[in-house]
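So the chains spell out like this:
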Amino acid sequence: MIDKLQSLADRYDKLSELLCDPDVTNDAKKLREYSKEQSDLQETYDAFNEYKTVMEELDAAKQMQGEKLDDEMREMVKMEIDELSRRQKELEERIHILLLPKDPNDDKNVIVEIRGAAGGDEAALFAADLYRMYTRYADTQGWRVELMDVNMNDLGGYKEVIFMINGKGAYSRLKYESGAHRVQRIPATESGGRIHTSTSTVAVLPEVEDMDIEIHDKDIRVDTFCSSGAGGQSVNTTKSAVRVTHIPTGIMATCQDGKSQNSNKEKALQVLRARISDVMRQEEEAKYAGERKSKVGTGDRSERIRTYNYPQSRVTDHRIGLTLHKLDSVMNGDMQEIISSLTLAEQADLMEKVNE
C-alpha cells in the first residue's frame, strides 16, 4: 500500500510542476486534463501526508516511552500513543477506501428519467413525488436542476419527466437510484380508502461529452412539434419542441422545455448521447454476466430497489435491508442516510473483491 501511495504522491508532485509549465498553461486541453487529474488525487495525497506525519510522531512517542520518565510524563506519552494509534487506524481504513477502483463517471452531472409504471394515474403522481424528492436533495447539495422534458397527466402527475442535475459528484451519489420504486398508500383517487401498490421507474445516466459519443448529422433525424401540457393541450403555437432519433440504433430523445428549437435540440442530443452510452454499457456488462455482480447495482431498470410505505411512514431499501421510519423527511429530500448506506455497502463489496 505504501508503495502505491508513494507512486500517487510522486505523480501529484509531477502534476504540480506541469501545471506551472508555460507549455501546459497555454494549452487549454492539457491544463484542464492535468488539473482534473491532480484534483482527483488531492484527497488521497492529503491523507497520505497526514498518515506519514502520524507515523513519524508515533515512532517518536514510542522511542520516548523507552526512556526514563516520571509517572506523569509516562502517562502523557501513553495517552499520545493511544491517540496516534487510533488516528493511524482511521487513516488506514480511509486510505484503503480511497485506493478502491473508482467509477470514471462519479464526478459527472446526471440525467435522470422517471416514468410512471404500474398503477396508472397513481404511478404518475408518485413519479412527480420522486421528482420533487430528487430536486430537493439536489438543493441541499448546492446542485442545479434543469428540467428537460415532461409529460403530465390531468392530475398533475408525471407519466415521464427527464431532468439534468449539474453538480460535482452527482453521479457518485445518485447512481444507485436506478430501478423500480414501489409506493404503498391510499391514492387520492381511491374512494374506498384501500391501500394500493404502484411503481415508478428511475434511470440515472451520467452526462456524456461530445468527444465520448460522437453523433454525426447524417445519423440523426430531427422532428419538431408544438410543446404540449396536461391532456395534450397546446402550450404554444410555435414548433419549439424537438425529437431527435439516432437512425443506426433507433434510440430517441425529446425535449420541449426550452424556449427555442436550438436549445431543445441541444438538450435532446445530451439525453440521446447518454442513452446511447447506457445501451453500450449494458451490452458490455452483458458479456460478463457470469461474473459476480455488486449487491447494490446501478443499472437494472426492472429491479425493485425500494418501497415507500405511507401508512407506516417507512422507507425500505431492499438491496441492503435498510429500513427508515421517516418517510416524510425522505420525500422532502433528506436522502443522505440512504445514499451513505448504499455507498458503504458498495465499498464493502469492492473491498471483498479486492481481497479475494
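My aim in this report is to walk through the structure given alongside it, one point at a time.

Criteria and thresholds
Residues numbered from 1 in each chain as written. Predicted model: local features only at pLDDT ≥ 70, side-chain atom pairs only at ≥ 80, totals over all residues. Heavy atoms only, no water. Helix = DSSP H or I, 4+ residues; strand = E, 2+ residues; numbered from the N terminus. Buried < 20%, exposed > 50% of the residue type's maximum accessible area, 1.4 Å probe, protein only. Expected span 1.5 Å × (residues − 1). Contact = heavy atoms within 4.5 Å. Polar contact = N/O pair within 3.5 Å; in protein donor to acceptor, adjacent residues only side chain to side chain. Pairing = 2+ DSSP bridges. Axes fitted to C-alpha atoms, helices over the stretch in contact; angles between N-to-C directions. Parallel < 35°, antiparallel > 145°, perpendicular 65-115°, else oblique. Left-handed = near helix turned anticlockwise from the far one by under 90°. Nonpolar A, V, L, I, M, F, W, Y, C, P; charged D, E, K, R; others polar. Patch = residues over 30% accessible without salt bridge, like charges linked within 9 Å, V, L, I, M, F, W, Y side chains within 5 Å. Areas by Shrake-Rupley, 256 points an atom, 1.4 Å probe, with all protein chains shown as cover. Salt bridge = Lys/Arg side-chain N within 4 Å of Asp/Glu carboxyl O. Lys, Arg positive; Asp, Glu negative; His and termini not counted. Charge placed at Lys NZ, Arg CZ, Asp CG, Glu CD. Phe/Tyr/Trp six-rings, centres within 6.5 Å; stacked < 30°, edge-to-face > 60°. Lys NZ or Arg CZ within 6 Å of the ring centre and 35° of its normal.

## A short note on unusual backbone geometry
A positive phi angle, near 50°, is found at Ser313, a position not held by glycine. Checked against the element boundaries, Ser313 lands in the loop between β9 (304-309) and β10 (314-317). Since its relative accessible area comes to 26%, Ser313 is described here as partly exposed.

## Comments concerning helix α4 (residues 71-98)
Helix length check: α4, at 28 residues, gives a terminal C-alpha distance of 40 Å against a target of 40 Å (1.5 Å per residue), a fit within 8%. Among the residues of α4, those classed as buried are Val77, Ile81, Leu84, Gln88, Leu91, Ile95 and Leu98. Check the buried side of α4 and you find it contacts α1 (2-18) and α3 (28-65). With a side-chain oxygen positioned 3.2 Å from the backbone nitrogen of Glu72, the residue opening α4 is Asp70.

## Remarks on the environment of Arg306
By the element assignment, Arg306 lies in strand β9. With 12 residues separating them along the chain, Arg306 and His318 place their C-alpha atoms 5.7 Å apart. With near-sequence residues (within four places) excluded, Arg306 lies in contact with Glu177, Ala180, His181, Arg182, Val315, Thr316, Asp317, His318, Arg319, Ile338 and Leu342. One polar contact links Arg306 to Tyr308, side chain to side chain, over a distance of 3.1 Å.

## Structural notes on the sheet that holds strand β1 (residues 110-116)
Ordered by their spatial adjacency, eight strands build an open sheet running β2-β3-β1-β5-β4-β9-β10-β11, and the pairing between neighbours is mixed. The sheet is open, and its two borders are formed by β2 (144-152) and β11 (322-324), each paired with just one other strand. Recorded for the sheet is a direction-independent mean angle of 15° between the axes of neighbouring strands. Here eight bridges tie β2 to strand β3 (residues 158-166), and the two strands are oriented antiparallel to one another. Counted as the bridge partner of Met152 is Tyr158 from β3. The sheet contacts of helix α5 (residues 121-140) involve β1, β2, β3, β4 (179-185), β5 (196-206) and β9, and relative to β3 the element is tilted by about 10°.

## Here's the deal with the sheet that holds strand β8 (residues 251-255)
Strand order in the open sheet formed by three strands is β6-β7-β8, with antiparallel pairing between adjacent strands. Taken across any chain shown, the strands that pair with only one partner, and hence form the sheet edges, are β6 (220-225) and β8. Neighbour to neighbour, the strand axes of the sheet diverge by 15° on average, direction disregarded. Both strand β7 (residues 241-246) and β8 contribute to a ladder of five bridges, which runs antiparallel. When the bridges of β8 are listed, Arg243 appears paired with Thr254.

## Here we look at the packing of α1 against α3
Packing of α1 against α3 brings their axes to within 9 Å, and their N-to-C directions diverge by 130°. As far as their axial angle goes, α3 and α1 are oblique. With respect to the hand of their crossing, α1 and α3 are arranged in left-handed fashion. Judged by residue contacts, Ile2, Leu5, Gln6, Leu8, Ala9, Arg11, Tyr12, Asp13, Leu15, Ser16 and Leu18 of α1 engage Tyr34, Glu37, Gln38, Leu41, Gln42, Thr44, Tyr45, Phe48, Tyr51 and Lys52 from α3. Classifying every residue of the contact of α1 with α3 by side-chain character gives 12 nonpolar, five polar and four charged.

## Examining the environment of Asp13
Among the structural elements, Asp13 can be located in helix α1. Under the relative-accessibility criterion, Asp13 is labelled partly exposed at 35%. Residues Asp13 and Gln38, spaced 25 residues apart in sequence, show a C-alpha to C-alpha distance of 8.9 Å.

## A closer look at a negative patch on the surface
Taken together, the side chains of Glu56, Glu57, Asp59 and Glu80 present a region of like negative charge at the surface. Ranked by residues supplied to the negative patch, first place goes to α3 with three residues. Along the chain, Asp59 turns up in helix α3.

## Quick word on the packing of aromatic side chains
Tallying each qualifying case throughout the model produces five aromatic pairs. Centroid distance Tyr137 to Trp143: 5.8 Å. Interplanar angle 80°. Geometry classified as edge-to-face. Joined through ring pairs, the aromatic side chains of Tyr131, Tyr158 and Phe163 make up one cluster. Sitting over the face of the ring of Tyr310, Arg185 holds its NZ or CZ atom 4.9 Å from the ring centroid.

## Side note on α5
If you check α5, its first and last C-alpha atoms are 29 Å apart, about what 20 residues at 1.5 Å a residue would give, namely 28 Å. A positive backbone phi angle near 75° is found at Gly142, which sits one or two residues after α5.

Spatial relationships are all this shows, so hold off on functional conclusions.
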